[in-house]
Amino acid sequence: MEKLSGKDKELIRDSWESLGKNKVPHGIVMFTRLFELDPALLSLFNYKTNCGVVPECLSSPEFLEHVTKVMLVIDAAVNHLDDLDSLEDFLLNLGRKHQAIGVKTQSFAVVGEALLYMLQCSLGTGYTAALRQAWLNLYAIVAAAMTRGWAKNGEHKSN
Ligand code: HEM
């Protein structure tokens, strides 16, 4: 896996310190943005939530569970900045599962955009160009590992 600079790690850790204590509310901001950017993603959750519109979805327990799961993956990444390789197998497997669910790899990038939006909303003036880049670098590492797992599962299938 790629490595992050010492400065990247510092910016990520400092900014996550307060955000990580309120994962679900920040995750909801992120997923609200995700569905603004790509409303079609809602249908991937329908089999569980049976919800047709965003507000209903965002308050359903299954949905909040996924928001929590995503935030916990981010939390794990932040807690393993010096040792991201240790997450490789977990992330490969996660990518494989998302391939099976029908999530496209392009959608991982949209989640990245939604993550940046949430950081911008939450950090205000603390959202600097360097901080944005640090998070982009971290998320790129996570998404790349998920994409490798996705591709292993999806070999010979179209993306
Ligand atoms: C477009 C984006 C995504 C969609 C539509 C999506 C959808 C889903 C769905 C439908 C499930 C199965 C139901 C559930 O467990 O709640 C799932 C599971 C999960 N997702 Fe996602 N997901 C997306 C992105 C992500 C990302 C970026 C992460 C982490 C960074 C993530 C983390 C997880 C985890 C940890 C699980 C549970 C896997 C397990 O059961 O072992 N998801 N996702």
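Keep in mind that what you see is a predicted model, and the values were worked out from it rather than measured.

1. Details of helix α2 (residues 23–37)
In an α-helix, one turn spans 3.6 residues, which is why side chains three or four residues apart end up on the same side. Compared with an ideal rise of 1.5 Å per residue, which puts 15 residues at 21 Å, α2 spans 21 Å between its outermost C-alpha atoms and is within 8% of the ideal. Taken together, the buried positions of α2 are Lys23, His26, Gly27, Met30, Phe31, Leu34 and Phe35.

2. Notes on the environment of His98
Topologically, His98 is positioned in helix α6 (residues 88–101). Sequence spacing of His98 and Met146 is 48 residues, and the spatial spacing of their C-alpha atoms is 8.5 Å. Beyond its immediate chain neighbours, meaning those up to four positions away, His98 contacts His66, Val103, Phe108, Met146 and Trp150.

3. What to know about the packing of aromatic side chains
The tally for this structure, following the rule as stated, stands at six aromatic pairs. Between the aromatic rings of Phe45 and Phe63, the centroid separation amounts to 4.7 Å while the plane-to-plane angle is 65 degrees, which identifies the pairing as edge-to-face. Placement of the pair is Phe45 in the loop between α2 and α3 (46–49) and Phe63 in helix α5 (residues 61–79), with a sequence separation of 18 residues. Here Phe45 and Phe63 have matching classes, each one buried. Taken together, the aromatic side chains of Phe31, Phe35, Phe45 and Phe63 make up a single cluster linked through ring pairs.

4. Let's talk about the nonpolar core
Met30, Phe31, Phe35, Ile74, Trp135 and Leu138 are the most contacted members of the largest nonpolar core, which totals 49 residues. Every element with two or more residues in this core is listed here: α1 (6–19), α2, α4 (54–59), α5, α6, α7 (105–123) and α8 (129–154). Per-element tally for this core: the top contributor is α8, with eleven residues.

5. Considerations on the side chain of Ser107
Following the sequence through the fold, Ser107 ends up in helix α7. Here Ser107 is in contact with Asp38 and Leu41, once residues within four sequence places are set aside.

6. Looking at α1
With 14 residues, α1 ought to run about 20 Å at 1.5 Å a step, and its terminal C-alpha atoms sit 20 Å apart, in line with that. Those residues of α1 that sit buried are Asp8, Lys9, Leu11, Ile12, Ser15, Trp16 and Leu19. The buried residues of α1 occupy one face: seen down the axis, they fall within an arc of 165 degrees. The outward face of α1, more than 90 degrees from its buried face, is lined by the exposed residues Gly6, Asp14 and Glu17.

7. Some remarks on the packing of α1 against α5
Interaxial distance between α1 and α5 falls to 10 Å at its minimum, and their mutual angle equals 135 degrees. In terms of orientation, α1 lies oblique with respect to α5. Like other packed secondary-structure pairs, α1 and α5 cross with a definite hand, here left-handed. In contact with Ile12, Arg13 and Trp16 of α1, α5 contributes Met71, Ile74, Asp75 and Val78. Residue composition of the contact of α1 with α5, by class: five nonpolar, no polar and two charged.

Cut-offs applied
Along each chain, residues carry numbers from 1 onward, in the same order as the chain's sequence is written. This being a predicted model, a pLDDT of at least 70 is required before a residue's local features are given, and a value of 80 or more before pairs of side-chain atoms are given or counted; all residues contribute to the totals for chains, interfaces and linings. Side-chain calculation: all heavy atoms of the structure are included, whereas hydrogens and water are not. Only DSSP runs of H or I covering at least 4 residues are called helices, and only runs of E covering at least 2 are called strands; the numbering of each starts at the N terminus. Take the number of residues in a helix, subtract one, and multiply by 1.5 Å to get its expected span. Under the scheme applied here, a residue whose accessible area is under 20% of the maximum for its type counts as buried, over 50% as exposed, and between as partly exposed, the area being computed with a 1.4 Å probe on protein chains only. Should any heavy atoms of two residues lie within 4.5 Å, those residues are counted as being in contact. Under the pairing criterion, centres of Phe, Tyr and Trp rings, with the six-membered ring standing for Trp, must be within 6.5 Å; the plane angle then separates stacked pairs below 30 degrees from edge-to-face pairs above 60, leaving the rest tilted. Within this scheme, the nonpolar core is defined by two criteria: the residues are buried Ala, Val, Leu, Ile, Met, Phe, Trp, Tyr or Cys, and they are joined through side-chain atoms within 4.5 Å. This arc is taken over the directions from the axis of the helix to the C-beta atoms. Axis lines are fitted through C-alpha atoms, for helices just across the contact stretch, and the angle between N-to-C directions can take any value from 0 to 180 degrees. In this scheme, roughly parallel covers angles under 35 degrees and roughly antiparallel covers those over 145, while 65 to 115 is roughly perpendicular and the rest are oblique. If you view the pair so one helix is near and one far, a crossing is left-handed when the near helix is turned anticlockwise from the far one by less than a right angle, and right-handed when it is turned clockwise. The classification used treats Ala, Val, Leu, Ile, Met, Phe, Trp, Tyr, Cys and Pro as nonpolar, Asp, Glu, Lys and Arg as charged, and all other residues, Gly among them, as polar.

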